[in-house]
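# Analysis of the macromolecular model
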Amino acid sequence: MRAFRSTVFAEMTQLATATGAINLGQGFPDTDGPEEVLETAARAVRDGVNQYPPALGHTVLREAVCAHQEAWYGLRYDPATEVLVTTGATEAVAASLLALCDPGDEVVALDPTYDSYAAAVAMAHAVLRPVTLRAPDFALDVAALRAAVTGRTRVLLVNSPHNPTGRVLTEEELRALAEVAVEHDLWVVCDEVYEHLTFDGRPHLPLAGFPGMRERTVQVSSAGKTFSVTGWKIGWVCAPAPLVRAVNTVKQFTTFSGGAPFQPAVAVGLGLPPARLQAIRDRLQAGRDLLVQGLHAAGLQTLGAEGTYFVNVDIASIGESDGIAFCRSLPERAGVVAVPSQVFHADPDSARTLVRFAFCKRPEVLAEAAERLARL
Ligand code: PMP
Ligand code: GLN
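Conventions and cut-offs
- Residues numbered from 1 in each chain as written.
- Chains lettered and ligands numbered in written order.
- Predicted model: local features only at pLDDT ≥ 70, side-chain atom pairs only at ≥ 80, totals over all residues.
- Heavy atoms only, no water.
- UniProt positions renumbered as here; feature names shortened; annotations may be inferred.
- Salt bridge = Lys/Arg side-chain N within 4 Å of Asp/Glu carboxyl O.
- Helix = DSSP H or I, 4+ residues; strand = E, 2+ residues; numbered from the N terminus.
- 1 Å grid on protein atoms, 1.4 Å probe; cavity = no way out; pocket = protein on both sides within 12 Å on 5 of 7 lines; lining within 4 Å.
- Points joined across faces, edges and corners; volume = space filled by probe spheres on them.
- Nonpolar A, V, L, I, M, F, W, Y, C, P; charged D, E, K, R; others polar.
- Near = heavy atom within 4 Å.
- Polar contact = N/O pair within 3.5 Å; in protein donor to acceptor, adjacent residues only side chain to side chain.
- Areas by Shrake-Rupley, 256 points an atom, 1.4 Å probe, with all protein chains shown as cover.
- Sits in = over half its atoms within 2 Å of the grid points.
- Pairing = 2+ DSSP bridges.
- Contact = heavy atoms within 4.5 Å.

An unreviewed UniProt entry lists the protein under the name Putative succinyldiaminopimelate transaminase DapC, with Desertihabitans brevis given as the organism. The heading Sequence similarities (unreviewed entry) in the UniProt record of the protein holds the text "Belongs to the class-I pyridoxal-phosphate-dependent aminotransferase family." Under the UniProt heading Cofactor (unreviewed entry), the note attached to the protein is "pyridoxal 5'-phosphate".

In structure tokens, the structure reads:
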């Protein structure tokens, strides 16, 4: 693991703390989630839900995950055998890759990748084969996808809505991914942690819902983004029983179980009426609009921002040439922290001038950040 040093989130959050700059780097909200969800967790602590939960997770949460899958997507999973609660989506992705890959197997992944993916692939002694979503539109290049698949490919690793680009893959793009997976008989790990955070009327379409996909897909999600509780680290996978057993074989020896009192709280969240989840999304979309306005006023071209917490800018539009240098100087120049997108890319040169800003903050914070950036 020598190649993997401190994560960019740790570095940039430290920079924000040291300089007092507004932290639009690491993606975490500055307000808490729905009251019922918070209250249920507090009550669970007081009511003694404080010991190891069952290895697969509390029944009430596994049932809520299945009810949510059916209500939102028409996908049916058996709560007894086809759901596993994990310590966040991070563990879900890592345990899935460790379970499914032998040393030397290849993992074809949408690039740029969320930062834990490359590390998890390395821990599995597998090989990452990136398929790059290129600026400015970050569209899936189906020819590049087909070219990346070889006889050694074992897993297709997908993330939509996508961090860090903010893309929400279209039905056509998802269909292309599904066709390749079926054609080459691949396992699919699909990270959908931003499933409820899609903007401008875009639907979230789970890859497991496409023909031939349910039986080969490990669908990953988590409570952190949907309910603004990123520190709770309650995630889950939904998959056919043999795949869940395989993932749990790894998971039982990494954490065994965790987050006991948060599990019933997340169950309450998943059962909230759709309008409540839509209100969370609408508030986030308004935050996106506010920040995008400020970025435009600063002369920055914005990209993506169809979903997630993130919008990218191309700093070439203000005559800058390197995102890392720009982000290191931004606290001093503007009192704002952002993240250089190149660190998520297999080939950093392909994204040298892209910078990611998070907009999951209160409107007054975003307005202040926008004002500061406009003075750049
Ligand atoms: N996947 C993606 C795409 C993410 O952006 C994040 C979090 N920021 C995670 C996984 C991690 O989720 P969790 O906090 O539930 O481990
Ligand atoms: N997912 C968050 C982001 O992309 C960060 C999570 C972390 O700090 N590991 O900003």
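## Quick word on the pattern of salt bridges
Pairing between side chains of opposite charge can happen when the charged atoms of each approach one another. Evaluated as defined, the whole model comprises 26 salt bridges. With a closest N to O distance of 3.9 Å, Asp102 and Arg154 form a salt bridge. Here Asp102 is found in the loop between α4 (88-100) and β3 (106-111), whereas its partner Arg154 is found in strand β5 (residues 153-159), with 52 residues between them in sequence. Three or more residues are tied together by salt bridges with common partners; here these are Arg167, Glu173, Asp200, Arg202, Arg288, Asp289 and Glu306.

## Quick look at the layout of surface pockets
Considering only enclosed or pocket space, the largest pocket measures out at about 760 Å³ in volume. What lines the largest pocket is a set of 24 residues, among which Ala3, Arg5, Ser6, Val8 and Val343 lie closest to the centre. The set of elements that each furnish at least two residues to the lining of the largest pocket consists of α1 (8-19), α5 (115-123) and α12 (323-334). Across the lining of the largest pocket, the residue classes break down as 13 nonpolar, six polar and five charged.

## Here we look at the site of ligand 2
Around ligand 2 lies a shell formed by Phe9, Gln26, Gly27, Tyr114, Asn163, Phe310 and Arg356. Within the side chain of Tyr114, an N or O atom sits 3.3 Å from a nitrogen atom of ligand 2. Asn163 places a polar side-chain atom, nitrogen or oxygen, 2.9 Å from an oxygen atom of ligand 2. Within the complex, 81% of the 300 Å² of free accessible area of ligand 2 lies under protein. Under a 2 Å grid-point criterion requiring more than half of the atoms, the pocket assigned to ligand 2 is the second largest pocket.

## Points about unusual backbone geometry
Geometrically, the link from Asp111 to Pro112 is a cis peptide bond, its omega value of 0° lying close to zero. Cis geometry is adopted by the peptide bond preceding Pro136, which originates at Ala135 and carries an omega value of 5°. You can see Pro136 is positioned in the loop between β4 (127-132) and α6 (142-148). One non-glycine residue, Asp185, adopts positive backbone phi at about 50°. Along the chain, Asp185 turns up in the loop between α7 (171-183) and β6 (187-191). A positive phi angle, close to 75°, is found at Thr308, a residue other than glycine. Note that Thr308 resides in the loop between β9 (301-303) and β10 (310-314).

## Regarding the sheet that holds strand β13 (residues 354-358)
An order of β9-β10-β13-β12 is seen for the four strands of this open sheet, with the pairing classed as antiparallel. Each having just a single partner strand, β9 and β12 (339-340) make up the two edges of the open sheet. Relative to β13, β12 runs antiparallel, the two being bridged by two bridges. Across the sheet, the residue bridging to Val339 is Arg356, located in β13.

## Section: the side chain of Thr132
With respect to the helices and strands, Thr132 occurs in strand β4. Here the side chain of Thr132 touches Asp111 through a polar contact of 2.8 Å, side chain to side chain. Residue contacts for Thr132: discarding those within four places in its chain leaves Asp111, Ala139 and His345.

## Let's talk about the site of ligand 1
Close to ligand 1 lie Gly88, Ala89, Thr90, Tyr114, Asn159, Asn163, Asp191, Val193, Tyr194, Ser222, Lys225 and Lys233. In the model, an oxygen atom of ligand 1 is placed 2.7 Å from a nitrogen or oxygen of the Asn163 side chain. A distance of 2.6 Å separates an oxygen atom of ligand 1 from a polar side-chain atom of Tyr194. When the free accessible area of ligand 1 is taken as 400 Å², the share hidden by the protein chains comes to 93%. Spatially, ligand 1 is embedded in the second largest pocket. Broken down by element, the residue count for the shell around ligand 1 peaks at three residues, all from α4. Its residues placed into classes, the shell around ligand 1 shows four nonpolar, five polar and three charged.

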